[in-house]
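Listed below are the residues making up each chain.
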Amino acid sequence: MAQSTIIESAWRDDFPILQTQMNGKPLVFLDSAASAQKPQSVIDAMCAVMEKEYANIHRGLYRLSSDLTARFEDVRAKVARFIGAENERCVVFTRNATEAINLVAQSWGRTFLKAGDEIILTAMEHHANIVPWQLLHDQIGIVIKTVPVDESGILDLQALENLLSTRTRLVGVVHISNALGTINPVREINTLVKNFNPEIKVLIDGAQGIVHSPIDVTALGCDFYTGTGHKLYGPTGIGFLYGKEDLLNAMPPYQGGGDMIESVSFEKTTYRAAPHRFEAGTPPIVEVIGLGAAVDYLVDKGMDNIAAQEAALTDFALAQLRAIPGLELLGPLTGRAGIFSFNLKGLHFSDIAMVLDQRGVAVRAGHHCCMPLMQRYGIQGTVRASLGLYSDENDIIQLCAGLRKAQEILG
């Protein structure tokens with residue numbers, strides 16, 4: 001059996017948790033789509049801030065505060081470069097991708113939409129790109145339409161084109177499905193929508209998209225793109241919203257408080273320009289520094305290199321999984337990321353995950369925050385194994401051995 005390449009081994013060694021055990025077995029971590037592990041450089045950067053460099057930012061005139069303020073804002077510029085944004089003013093820090101979508105719904109949506117206006121989502125959206133729009137439906141009466149997904153996990157773009165109308169105001173689409181692994185043709189979708197009506201806004205949920213390949217939001221042409229740090233080998237509690245600068249400045253604040261204001265009186269408050277108008281209160285300072293360290297790490301490794309490595313391992317994993325009798329795999333066989341949702345015929349996904357856990361293999365089991373998608377396939381949930389840049393062939397071999405053991409024990 002082929003072994004991992006040298007560069008795989010080098011990346012794996014950067015992640016201290018992968019040298020540990022789970023249930024007395026070497027850890028095989030295959031739940032990166034839920035939250036990725038952290039390299040030592042991210043851990044060190046966050047610890048250094050808390051140990052030697054911490055102060056509140058933006059307000060202090062003393063050296064600690066001014067230095068950390070500069071580093072904080074430098075991360076904004078790093079994220080902008082990482083995703084190909086026009087400038088750093090297009091990047092709003094949020095708690096995660098979920099909050100970024102809520103920001104768009106409650107700021108842009110509450111301001112520019114009215115009863116009867118239509119938005120289009122896809123059947124493979126994460127709940128984070130469904131529920132905020134349902135809240136807006138309840139609040140102002142917007143109409144939500146859905147693009148279907150076929151049996152192989154591919155969006156029906158003809159159906160999308162047919163759903164577009166004079167009432168369409170926004171199209172929201174996940175870049176990479178966290179349940180199917182499908183890589184959606186977001187640039188083609190954006191072009192299709194804008195050709196129909198350039199005023200329709202396009203929002204891309206990039207929580208998985210930014211992890212697996214280089215991103216250029218300017219080339220994509222989308223109006224909004226969201227990401228989250230904890231899937232990007234950074235900490236929890238930090239994400240971002242990309243928005244076109246003029247669009248962000250046309251949107252009112254999502255929350256009010258300190259640091260997002262120009263002036264306050266009891267008669268009137270004026271707000272700062274984007275992105276600061278959307279960042280009320282003390283921000284997640286240490287987490288932003290951690291996000292910056294994660295971006296530095298990925299830039300150093302090279303997103304093209306990461307994408308090539310993951311593509312090869314995805315092909316290997318598909319071949320190994322499909323060789324297991326009774327394994328029912330969701331999603332396409334090509335044009336996909338290293339996210340594998342499957343069931344073993346006659347076995348419950350939770351029982352399978354528990355057997356794998358005892359063998360040191362960490363996977364996810366359930367609906368993956370995609371209940372409408374599970375309903376489309378007539379199932380309650382799946383086992384999901386997902387790759388990170390630290391994954392190697394041995395992880396897949398151990399996963400498949402565990403699946404065969406589950407069949408032996410539970411069958």
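Shown above is the structure to which this text applies.
Residues numbered from 1 in each chain as written. Predicted model: local features only at pLDDT ≥ 70, side-chain atom pairs only at ≥ 80, totals over all residues. Heavy atoms only, no water.

> Outline the sheet that holds strand S14 (residues 339-344), listing residues and values.
Across the sheet, which stays open at both edges, the 4 strands sit in the order S13-S14-S17-S16 with antiparallel pairing between neighbours. Edge positions in the sheet fall to strand S13 (327-329) and strand S16 (364-366), since each has one partner strand and no second. Taken over all neighbouring pairs, the strand axes of this sheet differ in orientation by 35 degrees on average, direction set aside. Pairing of S16 with strand S17 (residues 382-386), which is carried by 3 bridges, proceeds in the antiparallel orientation. Across the sheet, residue Arg364 finds its bridge partner in S17, namely Arg384. The sheet strands contacting helix H12 (residues 303-322) are S13 and S14, and the helix crosses S14 at an angle near 5 degrees. (Pairing = 2+ DSSP bridges. Helix = DSSP H or I, 4+ residues; strand = E, 2+ residues; numbered from the N terminus. Axes fitted to C-alpha atoms, helices over the stretch in contact; angles between N-to-C directions. Contact = heavy atoms within 4.5 Å.)

> Any details on the packing of helix H4 (residues 97-112) against helix H5 (residues 131-140)? Residues and values, ideally.
Contact geometry of H4 with H5 gives a least axis separation of 9 Å together with a crossing angle of 25 degrees. Judged by the angle between their axes, H4 and H5 are roughly parallel. Of the two elements, H4 crosses H5, and the hand of that crossing is right-handed. Residues Ile101, Asn102, Val104, Ala105, Gln106, Gly109 and Arg110 of H4 touch H5, and the partners they reach there are Pro132, Trp133, Leu135, Leu136, Gln139 and Ile140. (Parallel < 35°, antiparallel > 145°, perpendicular 65-115°, else oblique. Left-handed = near helix turned anticlockwise from the far one by under 90°.)

> Quick rundown of the environment of Leu27? Include the residues and the values.
By secondary structure assignment, the location of Leu27 is in the loop between strand S2 (25-26) and strand S3 (28-29). You can call Leu27 buried: its relative accessible area is 8%. On a C-alpha basis, the gap between Leu27 and Asn162 in space is 48 Å, while along the polypeptide they are 135 residues apart. (Buried < 20%, exposed > 50% of the residue type's maximum accessible area, 1.4 Å probe, protein only.)

> Go over the side chain of Ser65 with me, naming the residues and quoting the values.
For Ser65, the location among the structural elements is in helix H3 (residues 63-83). With a relative accessible area of 0%, Ser65 lands in the buried category. Once residues lying within four places of it in the same chain are set aside, the contact partners of Ser65 are Ala55, Asn56, Ile57, His58, Arg59 and Gly60.

> Let's hear about the nonpolar core: which residues, and what values?
One finds Ile83, Tyr225, Leu298 and Leu373 to be the most contacted residues of the largest nonpolar core, which totals 76 residues. Take this core: its biggest share by element is 10 residues, from helix H11 (residues 285-301). The residues touching Leu298, leaving out its near neighbours within four places in the chain, are Phe82, Leu232, Tyr233, Met303, Ile306 and Leu389. Membership of the second largest hydrophobic core comes to 28 residues, among which are Leu313, Leu327, Leu356 and Ala406. (Core = buried A, V, L, I, M, F, W, Y, C linked by side-chain atoms within 4.5 Å.)

> Please set out H5 residue by residue, giving values where relevant.
For an α-helix the count is 3.6 residues per turn, leaving residues at separations of three or four pointing the same way. Listed in full, the buried residues belonging to H5 are Pro132, Trp133 and Leu136. Along the axis of H5, the buried positions cluster into a sector of 95 degrees, meaning they face one direction only. Of the surrounding elements, those touching the buried residues of H5 are H4, strand S5 (118-122), strand S6 (143-147), strand S7 (168-174) and strand S8 (201-205). (Arc of directions from axis to C-beta.)

> So what about the packing of aromatic side chains? Which residues, and what values?
What the rule picks out here adds up to 6 aromatic pairs. Aromatic ring contacts, followed pair by pair, group Phe15, Tyr233, Tyr297 and Tyr390 into a single cluster. The ring of Tyr377 has Arg376 lying over it, and the distance from NZ or CZ to the ring centre is 4.7 Å. (Phe/Tyr/Trp six-rings, centres within 6.5 Å; stacked < 30°, edge-to-face > 60°. Lys NZ or Arg CZ within 6 Å of the ring centre and 35° of its normal.)

> Please give an account of H4 that cites residues and values.
The terminal C-alpha atoms of H4 lie 21 Å apart, and with 16 residues this matches the ideal 22 Å at 1.5 Å per residue to within 8%. Residues Ala97, Glu99, Ala100, Ile101, Asn102, Leu103, Val104, Ala105, Ser107, Trp108 and Gly109 constitute the buried set of H4. The N-terminus of H4 is capped by Asn96, whose side-chain oxygen sits 3.3 Å from the backbone nitrogen of Thr98. (Expected span 1.5 Å × (residues − 1). Polar contact = N/O pair within 3.5 Å; in protein donor to acceptor, adjacent residues only side chain to side chain.)

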